[in-house]
Amino acid sequence: MAAEKDEIRPDTPPGEDIAVGSVHKTENEEENNLHKALKDRHLSMIAIGGALGTGLLVGTGSGLAKTGPAGIFIDYTVVGTIIFMVMAALGEMTSFAPMSRGFGGYASRFVDPALGVATGYAYLFKYLLATPNQLAAVALIIEFWSGDRVNPAVWITIAFVIILLINLAGVKSFGEFEFWLSSLKIIIMLGAIILLFVLALGGGPGFGRTGFRYWRDPGAFAEYKLQGSLGKFVGVWSTMLQAVYAYGGTELVAVTVAEAQNPRLAMARAVRLTFFRILVFYVLSVLFLGMVVPYNSPELAFATKSGTSAAASPFVVAIRLAKIEGLDHVVNSCLLIFVISAATSDFYIATRTLYNIASDGKAPKFLTRTNGRGVPLFAMTVPTLFCLLAYMSISSGEKAVFSYLTTMVATFGMLTWISILITHISFTRAVKVHQIPAALFPYRAPLREWGSWAALILLCILTSTKGFEVFIRGFDYKNFIVQYIGIPVYLSCLLGYKIFYRTQRVRATEVDLVTGVSTEPIEDTRARQKAQWEEENLTKHPFIRVFRKVLGVLL
């Protein structure tokens, strides 16, 4: 209804009704240079397969060896619940008021501009360091076939050029690339889970029926670094932190939604799909993995020392124990697909996060400039320079430094999740004060602020204890610094900005719940989107027709 741009109205009195059918725009034209080219199918597939990576296919091996089958099942279930609470919080906020200013923009709007700075830069640091880590992993994976005959710098360079070209091509090309690659990743993971289930039932040539045999012998829990019950607890807690890394990137769909054609319903659907991804791809896979691979297997002990290639994957260990020949090469190919996809999305997220920070006024304004395809070229230069860190992984002398840098990725990710939960708690408080009707929400978090409070407390405990291993059997000061340096960096951004600019916490009565909020009845929005989907997608993509019908049954 409102054709012109509405100014921000933080003084909306509690209980004021918003006229049904009106739309309050979020940003001015200068800030809204990104192209809305991501379709709902792109968002849906990114939500399911976007964050699947080496943390699941490879990292579960060391986790199983540390804590045993019951321990790793508990860890991935608990962390999966936390991550779903984070995604539910994001889904409620972003579907209510879509913004292209990222997580930091929501924190600035609903809590405090200082928290917006800390959130935005913590998330930026995570992906500036994550992208070169993925490029280094590409070289390690290809070395499974090439050995030492080719310098790893060659593979890093090739992968770097590929992800750069995809991101330069624009968000539509990125969406198509991630759509088909995520589709392939989903098929691969479903195949791996079915294979593990068949092996557990005795379907492999070298397997008898294992069931829960390994939960009894060698046992449900492994001892790690210490003996007895304390050693079992250390194993469970240490692996829980590994599970956090495996789930990293789950929230990236909330960044891509800024360039979606239908952000309100797309984000709501993406959160629902996240629940199924957590349940199927993470929880079920580690459950079946613990049924077919004993935690004390010599093959698994070898895998945990093998780097990032297929030799390090517990799925390959399961295949070898089942005496199935040749599948290790298939798994290595799958790992390569996973890492290329992860590197591409990490670079995209780093670029868009820097763009979001600049749009929120917390970085130089020239970083928001885009080309004709909607690509923020100036913002892209920073992650491009950070990608050069991947070459540090080649030199033996620099590997330790590179390892330290990549260890900080999980810390910045956890701090971002903490900020999201704090923002959601403030958001829900403001919604109650302003008496916003439930009909305006395409998605509501199942437990509202109580789920965010529970997840926030657990995440704070995990973040503060993530480096506890440095105190076991002697103090490792280098590892201690690496594990915890992200916290003072985060607090420096938060307190430094707050003190220097003297920012004030946004009170619940002053929170802007008007700008960017569409008041079109949600059923009308769904009907319009359905008609658009049928016109643009179902008539062109038979595969999408089947996919949508499956989603309709699930959701």
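Please read these numbers as outputs of a predicted model, since none were measured by experiment.

Visitor: Please explain unusual backbone geometry as it appears in this structure.
Guide: Of all residues except glycine, most have a negative phi; of all peptide bonds, most are trans. Geometrically, the link from D217 to P218 is a cis peptide bond, its omega value of 20° lying close to zero. Of note, K225 is a non-glycine position whose phi angle comes to about 70°, a positive value. K225 gets classed as partly exposed once you look at its relative accessible area, which sits at 29%. One non-glycine residue, R502, lies in positive phi territory at about 55°. Along the polypeptide, R502 turns up in the loop between helix 19 (486-501) and helix 20 (522-538). A relative accessible area of 70% means that R502 is categorised as exposed.

Visitor: Where do I start with the packing of helix 5 (residues 113-146) against helix 15 (residues 377-387) in this structure?
Guide: Working note: a packed helix pair is described by the angle between its axes plus the distance between those axes. The geometry of helix 5 relative to helix 15 is characterised by a closest axis approach of 8 Å and an angle of 45° between their N-to-C directions. Viewed along their axes, helix 5 and helix 15 adopt a mutual orientation that is oblique. With respect to the hand of their crossing, helix 5 and helix 15 are arranged in right-handed fashion. On helix 15, the residues touching L128, L129, T131, P132 and L135 of helix 5 are V382, P383, F386 and C387. Here the contact of helix 5 with helix 15 is composed, by residue class, of 8 nonpolar, 1 polar and no charged.

Visitor: What is the right way to look at the confidence of the model for the protein in this model?
Guide: The predicted coordinates ought not to be read in detail in places where the model reports low pLDDT. This prediction gives the protein a mean pLDDT of 80; 82% of its residues lie at or above 70. Considering only residues more than four positions removed or in separate chains, one finds that residues 1-31, a stretch of pLDDT under 50, has 68 contacts.

Visitor: Would you take a moment to explain the nonpolar core for this structure?
Guide: With 157 residues, the main nonpolar core has F96 and L513 as its most contacted residues. Of the residues forming this core, the biggest block, 18 residues, is contributed by helix 5.

Visitor: So what exactly am I meant to see when it comes to the pattern of salt bridges here?
Guide: Close approach of charged atoms allows side chains of opposite charge to pair. Following the criterion strictly, the structure yields 7 salt bridges and no others. Here K126 ties to E251 by a salt bridge, and the two come within 3.5 Å at their closest N and O atoms. In this pair, K126 is assigned in helix 5 and E251 in the loop between helix 9 (228-247) and helix 10 (253-256), connecting sequence segments 125 residues apart. For the pair shown, K126 and E251 are each scored as buried. With its nearest N and O atoms 3.2 Å apart, the salt bridge here joins K362 to D360. As far as burial versus exposure is concerned, K362 and D360 are alike and both buried. Salt bridges here are not isolated pairs; linked through shared partners, they connect R101, D360 and K362.

Visitor: What am I meant to see in the packing of aromatic side chains here?
Guide: Describing an aromatic ring pair means giving the distance of the ring centres and the angle of the ring planes. Enumeration over the complete set of coordinates arrives at 22 aromatic pairs. Taking 5.8 Å as the distance between ring centres and 45° as the angle between the ring planes, the aromatic pair formed by Y76 and Y247 counts as tilted. Of this pair, Y76 sits in helix 3 (residues 59-96) while Y247 sits in helix 9, placing them 171 residues apart in sequence. On the accessibility criterion, Y76 (1% relative accessible area) is buried.

Visitor: Help me understand the side chain of T428 in this model?
Guide: Following the sequence through the fold, T428 ends up in helix 16 (residues 396-434). Exposure remark for T428: the relative accessible area of 6% places this residue in the buried category. With residues near it in sequence (within four places) discarded, T428 still touches E92 and E449.

Visitor: Explanation requested: the environment of F233 in the structure shown.
Guide: Examined against the element boundaries, F233 turns out to sit in helix 9. In the structure, F233 is positioned 162 residues away from G71 in sequence and 8.8 Å away in space, judged by C-alpha atoms.

Visitor: Even after reading the chapter, I still don't get helix 5, so can you show me in this structure?
Guide: Within an α-helix, residues lying three or four positions from one another point in the same direction, as the helix has 3.6 residues per turn. When the terminal C-alpha atoms of helix 5 are compared, their 50 Å separation across 34 residues agrees well with the 50 Å that a helix rising 1.5 Å per residue should span. In terms of burial, helix 5 is a largely internal element, 28 of the 34 residues being buried. Of the residues flanking the start of helix 5, the one acting as N-cap is D112, its side-chain oxygen 2.8 Å from the backbone nitrogen of A114. G147 lies just past helix 5 and shows a positive phi near 65°.

So, how was this worked out
Residues numbered from 1 in each chain as written. Predicted model: local features only at pLDDT ≥ 70, side-chain atom pairs only at ≥ 80, totals over all residues. Heavy atoms only, no water. Buried < 20%, exposed > 50% of the residue type's maximum accessible area, 1.4 Å probe, protein only. Helix = DSSP H or I, 4+ residues; strand = E, 2+ residues; numbered from the N terminus. Axes fitted to C-alpha atoms, helices over the stretch in contact; angles between N-to-C directions. Parallel < 35°, antiparallel > 145°, perpendicular 65-115°, else oblique. Left-handed = near helix turned anticlockwise from the far one by under 90°. Contact = heavy atoms within 4.5 Å. Nonpolar A, V, L, I, M, F, W, Y, C, P; charged D, E, K, R; others polar. pLDDT = per-residue confidence, 0-100. Core = buried A, V, L, I, M, F, W, Y, C linked by side-chain atoms within 4.5 Å. Salt bridge = Lys/Arg side-chain N within 4 Å of Asp/Glu carboxyl O. Phe/Tyr/Trp six-rings, centres within 6.5 Å; stacked < 30°, edge-to-face > 60°. Expected span 1.5 Å × (residues − 1). Polar contact = N/O pair within 3.5 Å; in protein donor to acceptor, adjacent residues only side chain to side chain.

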